[in-house]
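Read off the chains here:
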Amino acid sequence: MTAKPIDRMATTRPASPCAPLSPDSTGARLPDHTFEMRFTSTPRGARLARRLAAVRLDGWGIPYGTDAHDAVVLIVAELTANAVRHGHVPGRDFRLRLHVPPHDRVVRVEVTDARGERPPRRPTAVGIAADAEEEAGRGLLLVSRLAARWDWHPRPDGPGKTVWAEYAFPSSPRQSPC
């Protein structure tokens, strides 16, 4: 018996770059896109989380090189770096979750760490001016500028917190993520 070779690109890339973000021609419900994984609470873990998020977004139809892709990857990079720097507990990992609901124009990024007693501070205009000479401390400022909204909440299943951000795609067809 002869089998047709598997075209791996057909299973990992949508036919159209925007296919996951718009209804199909039959009106059928599109799948819910979710990626969730634990990473070591190290700079290497944060870098791997960022890279895997970039690959997954591209596979979901948010291609490399678009403003939407770059913004979401930057949000992932900042939140995972903060989890490593400020949420690190020896022997504990952090968790990354990406979620794109079907027929929605939002990507939700959630990063959960094991340290709950250090909640993130909201950047303020006064704090930004005072920290202008600092080389670090602007991550949440970037997140607040790129995301439609962001916040944090205590981790429901143990010690720690979850910091989340939602990137909303522009509604104008000209500024489509694809």
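Residues numbered from 1 in each chain as written. Predicted model: local features only at pLDDT ≥ 70, side-chain atom pairs only at ≥ 80, totals over all residues. Heavy atoms only, no water.

Participant: Help me out: how do you make sense of the sheet that holds strand β1 (residues 33–40) in this one?
Facilitator: One key point about sheets: their strands pair by backbone hydrogen bonds, in either a parallel or an antiparallel sense. The strand order across the open sheet built from five strands is β1-β2-β3-β5-β4, with neighbouring strands paired in antiparallel fashion. Each of the sheet's edge strands pairs with one partner strand only, and the pair in question is β1 and β4 (149–154). Pairs of neighbouring strands in the sheet enclose a mean axial angle of 15°, with direction left out of account. In terms of strand pairing, β4 meets strand β5 (residues 161–168) through six bridges, oriented antiparallel. Within β5, the position partnered with Trp-150 by the bridge is Ala-165. The sheet contacts of helix α2 (residues 43–59) involve β1, β2 (93–100) and β3 (106–113), and relative to β1 the element is tilted by about 165°. (Pairing = 2+ DSSP bridges. Helix = DSSP H or I, 4+ residues; strand = E, 2+ residues; numbered from the N terminus. Axes fitted to C-alpha atoms, helices over the stretch in contact; angles between N-to-C directions. Contact = heavy atoms within 4.5 Å.)

Participant: It is not clear to me how helix α3 (residues 67–86) should be interpreted in this structure. Could you clarify?
Facilitator: Side chains of residues three or four places apart in an α-helix project in the same direction, reflecting 3.6 residues per turn. With 20 residues, α3 should cover 28 Å at 1.5 Å per step; its first-to-last C-alpha distance of 28 Å lies within 8% of that length. Among all positions in α3, only Ala-68, His-69, Ala-71, Val-72, Val-73, Ile-75, Val-76, Glu-78, Leu-79, Thr-80, Ala-83 and Val-84 are buried. Contact partners of the buried residues in α3: α2, β2, β3, α5 (139–146) and β5. (Expected span 1.5 Å × (residues − 1). Buried < 20%, exposed > 50% of the residue type's maximum accessible area, 1.4 Å probe, protein only.)

Participant: Quick question: what am I supposed to make of the packing of aromatic side chains here?
Facilitator: How two aromatic rings sit relative to each other is set out by the distance from centre to centre and by the angle between their planes. One pass over the full model with this rule turns up two aromatic pairs. Taking 5.7 Å as the distance between ring centres and 25° as the angle between the ring planes, the aromatic pair formed by Phe-39 and Phe-94 counts as stacked. Of this pair, Phe-39 sits in strand β1 while Phe-94 is found in strand β2, placing the two residues 55 residues apart along the sequence. In this pair, the class of Phe-39 matches that of Phe-94, namely buried. Above the face of the Trp-164 ring, Arg-108 is positioned so that its terminal group lies 4.2 Å from the ring centre. (Phe/Tyr/Trp six-rings, centres within 6.5 Å; stacked < 30°, edge-to-face > 60°. Lys NZ or Arg CZ within 6 Å of the ring centre and 35° of its normal.)

Participant: What am I meant to see in the pattern of salt bridges here?
Facilitator: Any two side chains of opposite charge can pair, on the condition that their charged atoms come close. Considering all chains together, one arrives at 10 salt bridges under this definition. The salt bridge involving Asp-113 is made with Lys-161; its shortest N-O contact spans 3.0 Å. In this pair, Asp-113 sits in strand β3 while Lys-161 sits in strand β5, placing the two residues 48 residues apart along the sequence. In this structure, Asp-113 and Lys-161 share a single accessibility class: buried. When the shortest N-O distance is used, the salt bridge between Glu-166 and Arg-149 registers 2.8 Å. Note that Glu-166 is positioned in strand β5 and Arg-149 in strand β4, a separation of 17 residues in sequence. The network of salt bridges with common partners includes Glu-36, Arg-95, Arg-97, Arg-108, Glu-110, Arg-149 and Glu-166. (Salt bridge = Lys/Arg side-chain N within 4 Å of Asp/Glu carboxyl O.)

Participant: When you look at the environment of Pro-43 in this model, what are you seeing that I'm missing?
Facilitator: Summarising the element assignment, Pro-43 is placed in helix α2. Looking at Pro-43, the relative accessible area reads 60%, which means it is exposed. Sequence separation between Pro-43 and Arg-85 is 42 residues, and the spatial gap between their C-alpha atoms is 8.5 Å.

Participant: Would you mind showing me how to read the side chain of His-33 here?
Facilitator: Tracing the sequence through the fold places His-33 in strand β1. In this structure the side chain of His-33 is engaged in a polar contact, spanning 3.3 Å, whose partner is the side chain of Trp-60. (Polar contact = N/O pair within 3.5 Å; in protein donor to acceptor, adjacent residues only side chain to side chain.)

Participant: I'm lost on the nonpolar core in this one. Help?
Facilitator: Most often, soluble globular proteins keep nonpolar side chains buried together rather than apart. Counting residues in each nonpolar core, the largest one holds 33 residues, and the members touching the most others are Leu-79, Leu-96, Val-107 and Val-109. Counting only elements with at least two residues in this core, the list comes to β1, α2, α3, β2, β3, α5 and β5. Sort the elements by how many residues they give to this core and α3 lands first, with nine residues. (Core = buried A, V, L, I, M, F, W, Y, C linked by side-chain atoms within 4.5 Å.)

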